[in-house]
Each structure stands twice: as C-alpha cells, then as structure tokens.
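# Structural overview for review
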Amino acid sequence: MRLSEYLFQTHREPQGEAELISHQLLLRAGLVRQVASGIFAYLPIGQRVKRRIEDIVREEMDAIGGQEVSLPVVQPAELWRESGRWQQIGSEMARLKDRNDRDLCLAMTHEELVTSLVRDVIRSYRQLPCLLYQVQTKFRDEPRPRGGLIRVREFTMKDGYSFHADADDLDAWYDRVYEAYANIFRRCGLDAVAVRSDPGMMGGSDAHEFMELSPSGEDTILSCETCGYRANRQVARCRKTPPAREDQLPLEEIHTPGTATIDDLARFMDIPKTKTAKALFMVATMADEQGAAVDEQAAVEKTVVDRFVFAVLRGDMELSETKLANAVGALQLRPATPEEIRAVGAEPGFGSPLGIDRSRTLLVVDDLIPSCFNLVAGANRVDYHVANVNYGRDYEADLVTDIAAAGDGSACPSCGSALRADQGIEVGNIFKLGDKYSKAMDTGYLDRENVSRPIVMGCYGIGIDRLIASIVERHHDEHGICWPVSVAPFQVILVDLSGGDPHVSDVAAAVYDDLAEVGLEVLYDDRDDRAGVKFNDADLMGIPVRLTVGGRGVKKGVVELKVRRSGEMIDVPLGDGLAEAVKKVLTTCL
RNA sequence: CGGGGUGUAGCGCAGUCCGGUCAGCGCACCUGCUUUGGGAGCAGGGGGUCGGGGGUUCAAAUCCCCCCACCCCGACCA
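Remember, it's a predicted structure, so these values are computed and weren't measured experimentally.

### Observations concerning the overall build of chain A
The secondary structure content of chain A amounts to 17 helices and 33 strands. Its C-alpha atoms put chain A at 100 × 65 × 45 Å along the principal axes. For chain A, contacts bridging at least 24 residues in sequence account for 72% of all contacts bridging at least 6. Here chain A has roughly 26,500 Å² of accessible surface; of this, 47% comes from carbon and sulfur atoms. Positive and negative charge centroids in chain A, built from 69 and 93 side chains respectively, lie 1 Å apart.

As structure tokens, then:
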C-alpha cells in the first residue's frame, strides 16, 4: 500500500480528552476516531489491526472445532421474553420498535438467538457436541463509557457457545476453550491470566475471566503468589480466622454519641473493629415468581419485586455486593435510603439485627459472625449501641454465608498466604451456563433411549476492541505503538527518502515490489515529505520493521533496516536476498 | 443517576469575569519558490451559523434562561 494513496492521519499533538495511553496513541496514530460517547469508527489502519486479531481468534476457535456463524444484531423481543431477560435487563439494553410497533432490541449478547437456532436445528445426541462462534457487533448502553476502547457501548466481540449432552462433556470442552483462549492472548502479545469470576447475569456455575494486568484496568484481581489462587475481587474468597472463644455476656445498651461509623465507634469505645458488628442496608431487585400468576398481561412486563436486605459483617470487613447479590438471588442491588431503613425499624448509622421488622427483611449474616462473641452492634436508636451481641442467642439470620469482600493482604483461601491486589483489563471470559437457557427456551435433544433432555451450554467471549487497547497499553514506548508482528497493521514500512532523485525512488519502488512478491505486507511511504516526518509517523504507527531507502544507502548498495521495538539497525544489501532477509528478521521479533 | 468540568476551523487552544475591528493563534490542508536522513523556511490561500434555542441590548462568542453533547470522579457494569 502506498501511503500517498492511503486514508490515514497522524496527529503530532496529544488529543485532549484521552487520558489512557492506549486511547491517546490509537487516536494519534490514526487508528480510530470517536463518533459518540463509547462509539468509535475504525480507519483503514485500525481496521487492519482489528482484522488481524479477529483472524487469530478464528484460527484458534477453528482449531478446537469451532464453527463460525453470523447472528443478527437486531432481534425480536419475543426471544428475550422467553429467557426472561427482556424484563430482567435494565436500560443497558437498547430497545426499539419497528414500523408495525413490534418490540426489537439491539443484541448485547447472543445466548437467546443462538439457543433458538440450536432449538430449531439440533434434534439428536448425534449432533452434539457443537461449538458455534461469531465475530459480531454488540451494543450495550453502558452508564459510563470510558478509557477509549477499554469500555465502549458499541463493540466487536467474538462470542462462542457450546452445546452438550451432559455436564461432563461441557467440562471437557470448557477446558479446550480455556486453552484456545490462552493461545489467542499469547499470540496477541498479552500475558492474560485466568481468574475465577462472577457468572453474573449470564447465570450458570463455573466462570473464568482472562485478565491482562494493567494499571488502566477497571477490575481488581486478587492473587496468591504462593499457591496460584486467583480471583476477581468481586467473588474472591479469603480465609477468616475466628477469634478466641469467650463467655457470652449479658446485653447492655450503651450511650455512644456521634458514632455513626465503625471507625468512630471503635475509637469511642477503645475497642478493635473486630469486636464490632457492621450493619448494611440494601434493596434487592428479584424475580417475582408469584407475580407471574396474578395477571398474564402484567406478568410479561413486570415480574420483578424489591426486597429489603439487611447484611451483617464483622466491623473490620467490607461487604462484597456481588456475593450478597448472588446469595439472595438478586438481579440488582442498591443501597437503601434512610427512609427505607427506618421503615423496617432500623436506624442509619446505628443499625442492628435486633428488634427490626423481620417480616419485611431478609437478614443475611456473614459466616464469620456466628463464631464471634460479644460484639458491639447498633441499637436502632440514634447515639446508642448494644454491647455483647451474640449470634444464636440474640438473633438468627435468614441466611448465613460468605458475603465479605477479600482485599489486598487478605489470607488466601487455599493456603493462607497474603493475597495481592492488581488492576486488570478483562479481555475474555468463559462461563458454564448449564441448562439455564436451554430450559427457559425449551431446547432439548433426544438421547440414545429416545428420551428428551435439556442441552447443556457454555459460552465464551472475547472483547476485540479492548483487546486492541490492551495490546497498546502493553506495547508502546515514548515514540508510539510497538505492535507485535502478529497483529501489526503492516509488517514493514518502506520509507522512500529519495527526495526527488529518480534513481533512488526507482530503487525504493523495486524494493517494494520485491517485498510484495514474497507476500510481505508493506506500507510504502512514498509521500513527498521530509525524513523526520516519515520516521516519526513510522514510529507512532508502530510497524515492526522499517526499511529506509535513501541516497546514502543506495550508493553503498544497501537499505537500512530498523527494528521498531528494539531500535536495532542493520544494513541489508540490495538485491535478490533482501526480501528473504527482511522475512527472517520478522520471524525473530515479537 | 449524583458531583465536577468542557463545548470557538480537521486537531490543540486564546478570547468569555469587564458586551463594541475578537473571528484569532499553533498544527494540519491548498498554491508557489527554496530546502531535503528524525516533525523545514518564506510568501500567498481555503476553511468556523463561536454546541443549539430563546431572552436582555443600539450591539452578544462574551450577560440571563432552557436544552444538547462530550470528558473526569462516584454509582453501575454480560
């Protein structure tokens, strides 16, 4: 490709609104332009990178037996009503109507569509297992897009779905996909690690996220260097050491003016935070099974109900909202308002599980609490607490389970060493969905005995756009991007420094032809510009190998080769061996 | 959705407090000449309903009201 004919634009100056280095470089090197919040257009050079990554993904998915499909982005509401997600998902799903007033939506994921497809096509166990995937646009109306391509609203995703006769077969394929993912990220020049994650709105049991560690990441990963345990902070477990046994003392109300926080309380009473109980008030939005029976018409539109949730943790621990939401089966969880808190008989800042209206409250207690003795809890009365509260003697919960968040320094759940917290970008994820969608959407197969069984499913995603951003975050220097050869938009940039000397420019053109002939992808900078402009653009765009054809070299019968990443320079003789020499260099760089 | 901020040429900005040659600067772009191995120089040139609408005024980029967009922090996040 001749640069003089290529639609591209580099920017000398930083672009104002971009804060992340990847965002800044993608804009400056002219790969993308922002169209609206969280919506980007790819220019030709950006599209080339995107295509290369997609092709790597395709190769690896095909290698484990994946079959590519293409599913629509605009989908009828009926499918989403079948799975229940039309009602469950909020405003992050973009909805529209067609000219006949039928409800449609823009797909934010494709479980419903692919399940319906399989329902229509798969009849027999002989057709299983089956792994389908696509590289397709998704739209999620994120509340707050940010960080350039890290978190966008319209994006390209490789999403894959596998279908199995039973859970064992899913497990086996899950591991195959896991390996394929490791290959994909490695080939893209990333060091993504797999961590245990929250299945979230996808439902299902086992789930992993592939995280590229980066300070620009939005997720926090807790990892144990001793035993290798790794998990997203949302679901990470930690070892909780129960305190020494004590005799249970009688309850005692105490005056504690102005101690609405645990810190204040511990200071006021001169006790460690581990001797206090923390109360948190949330409102959970849950599926309402009863509501569905009341009115068929209303049931379609309104099948959720709010429930007040009272959570109790030891004072030194923090609540994991994800764990709590999963424990109570909440679709959404939000902090309760002071009015809602008082309505159940509690008092903000002085909340206690004792004496509240239990008929309107779901009381969830962290599993460490029953092993704690004589805690100081609120009195549900401003400026008062109650001392010597003991679980079992004084109150019992609706649910006792792990709802505490692990953090930096928490004890590893498997070996007890200190966990370390890192930021990471989620570049991919894999879920065992089980039969959630196949049951909801009545998708089964006939087994050997002619018995109908629900299909067992897995699903597997890779965010292509944030993968690009992650690669740039990892592979750049002060001059610009340093693309790994595997994903570079071109392998070679050929810089013509003839300065109007026809002999030299003829040599450059000949070199270009030679390189093209051996199948190299070459960007030929034939622009009428000065050397500095060309070199700086080449560095900014990050093409792995730069060849410079100038009067100086041509006199000596060489072109100068520069490796972008290392800065290493070598003279390569002009002639038949040149193209092969360049190829050889390319195989040795990343 | 709460808090903060920004909208002036393709990009980056000044001008806004204090209405009146304020439609300006740098980069980019076009023409010509010179230059030519790390973002050249000179000369000339094109391009903007100053985010939108309403209002105040003899006069609004500038003051007032409403709306919109975008960014950052938080909430949220298959």
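### Remarks on the domain arrangement of chain A
We note that the domain assignment places domain 1 (3-236 + 421-472), domain 2 (252-404) and domain 3 (490-588) within chain A. In this structure, domain 1 and domain 3 have C-alpha centres spaced 38 Å apart. Interface area, domain 1 with domain 3, both sides summed: about 1,100 Å², of which 64% is carbon and sulfur. The interface formed by domain 1 and domain 3 includes two salt bridges. Arg48 is the salt-bridge partner of Glu521, the closest N and O atoms lying 3.0 Å from each other. Secondary-structure elements contributing two or more residues to the side of domain 1 that touches domain 3 are α1 (21-28) and α2 (44-63).

### Re the sheet that holds strand β31 (residues 545-550)
Ordered in space as β30-β29-β31-β32-β33, the five strands form an open sheet in which the pairing is mixed. Each edge of the sheet is formed by a strand with only one pairing partner; in this case those strands are β30 (522-525) and β33 (569-573). Neighbouring strand axes in the sheet, compared pairwise and without regard to direction, differ in orientation by 25 degrees on average. Strand direction decides the pairing type here: strand β29 (residues 492-497) and β31, joined by six bridges, are parallel. Pairing of Leu494 across the sheet is with Leu547, part of β31. Relative to the sheet, helix α14 (residues 502-517) contacts β29, β30, β31 and β32 (558-563), its axis offset from that of β31 by approximately 150 degrees. Of the strands in this sheet, β29, β31, β32 and β33 are in contact with helix α17 (residues 578-588), which crosses β31 at around 150 degrees.

### Quick notes on the sheet that holds strand β5 (residues 95-97)
Taken together, three strands build an open sheet; the order of strands is β4-β6-β5 and the sheet is antiparallel. Each end of this open sheet is capped by a strand with a single partner; those strands are β4 (74-76) and β5. Averaged over neighbouring strand pairs, the angle between their axes works out to 40 degrees when direction is ignored. Pairing between β5 and strand β6 (residues 103-106): three bridges, direction antiparallel. Its bridge partner being in β6, Lys97 is matched across the sheet by Asp103.

### Some details on unusual backbone geometry
Between Leu128 and the following residue, Pro129, the backbone shows a cis peptide bond with an omega angle of -5 degrees. When you line up the elements, Pro129 lands in the loop between α5 (111-121) and β7 (130-139). Unlike most non-glycine residues, Asn374 shows phi in positive territory, near 50 degrees. Examined against the element boundaries, Asn374 turns out to sit in the loop between β18 (361-366) and β19 (375-378). What makes Asn374 buried here is its relative accessible area of 5%. Residues other than glycine seldom take positive phi values, yet Asn388 does so here, at roughly 65 degrees. Note on placement: Asn388 falls in strand β20 (residues 384-389).

### Observations regarding the packing of α2 against helix α13 (residues 464-474)
Packing of α2 against α13 leaves a shortest axis separation of 10 Å and a crossing angle of 110 degrees. Classified by the angle their axes make, α2 and α13 are roughly perpendicular. Contact residues: α2 offers Val49, Lys50, Ile53, Glu54 and Val57, while α13 offers Ile464, Asp465, Leu467, Ile468 and Ile471. Among the residues making up the contact of α2 with α13, the classes are represented as seven nonpolar, no polar and three charged.

### Concerning the pairing of strand β8 (residues 154-164)
A large share of β8 lies buried, amounting to 10 of its 11 residues. The pairing of β7 with β8 spans 10 bridges and is classified as antiparallel. Each bridged residue has a counterpart across the sheet, and for Leu132 the counterpart in β8 is Tyr161.

### Describing the environment of Arg239
The topology assignment puts Arg239 in the loop between β12 (230-232) and β13 (252-255). What makes Arg239 partly exposed here is its relative accessible area of 42%. Between the alpha carbons of Arg239 and Gln136 there is a distance of 41 Å; along the sequence they are 103 residues apart. A polar contact is formed between the side chain of Arg239 and the backbone oxygen of Ser414, at a distance of 3.3 Å.

Reading the values: the criteria
Residues numbered from 1 in each chain as written. Chains lettered and ligands numbered in written order. Predicted model: local features only at pLDDT ≥ 70, side-chain atom pairs only at ≥ 80, totals over all residues. Heavy atoms only, no water. Helix = DSSP H or I, 4+ residues; strand = E, 2+ residues; numbered from the N terminus. Contact = heavy atoms within 4.5 Å. Areas by Shrake-Rupley, 256 points an atom, 1.4 Å probe, with all protein chains shown as cover. Lys, Arg positive; Asp, Glu negative; His and termini not counted. Charge placed at Lys NZ, Arg CZ, Asp CG, Glu CD. Domains from an automatic or database assignment. Buried area = accessible area lost by both parts, 1.4 Å probe. Salt bridge = Lys/Arg side-chain N within 4 Å of Asp/Glu carboxyl O. Pairing = 2+ DSSP bridges. Axes fitted to C-alpha atoms, helices over the stretch in contact; angles between N-to-C directions. Buried < 20%, exposed > 50% of the residue type's maximum accessible area, 1.4 Å probe, protein only. Parallel < 35°, antiparallel > 145°, perpendicular 65-115°, else oblique. Nonpolar A, V, L, I, M, F, W, Y, C, P; charged D, E, K, R; others polar. Polar contact = N/O pair within 3.5 Å; in protein donor to acceptor, adjacent residues only side chain to side chain.

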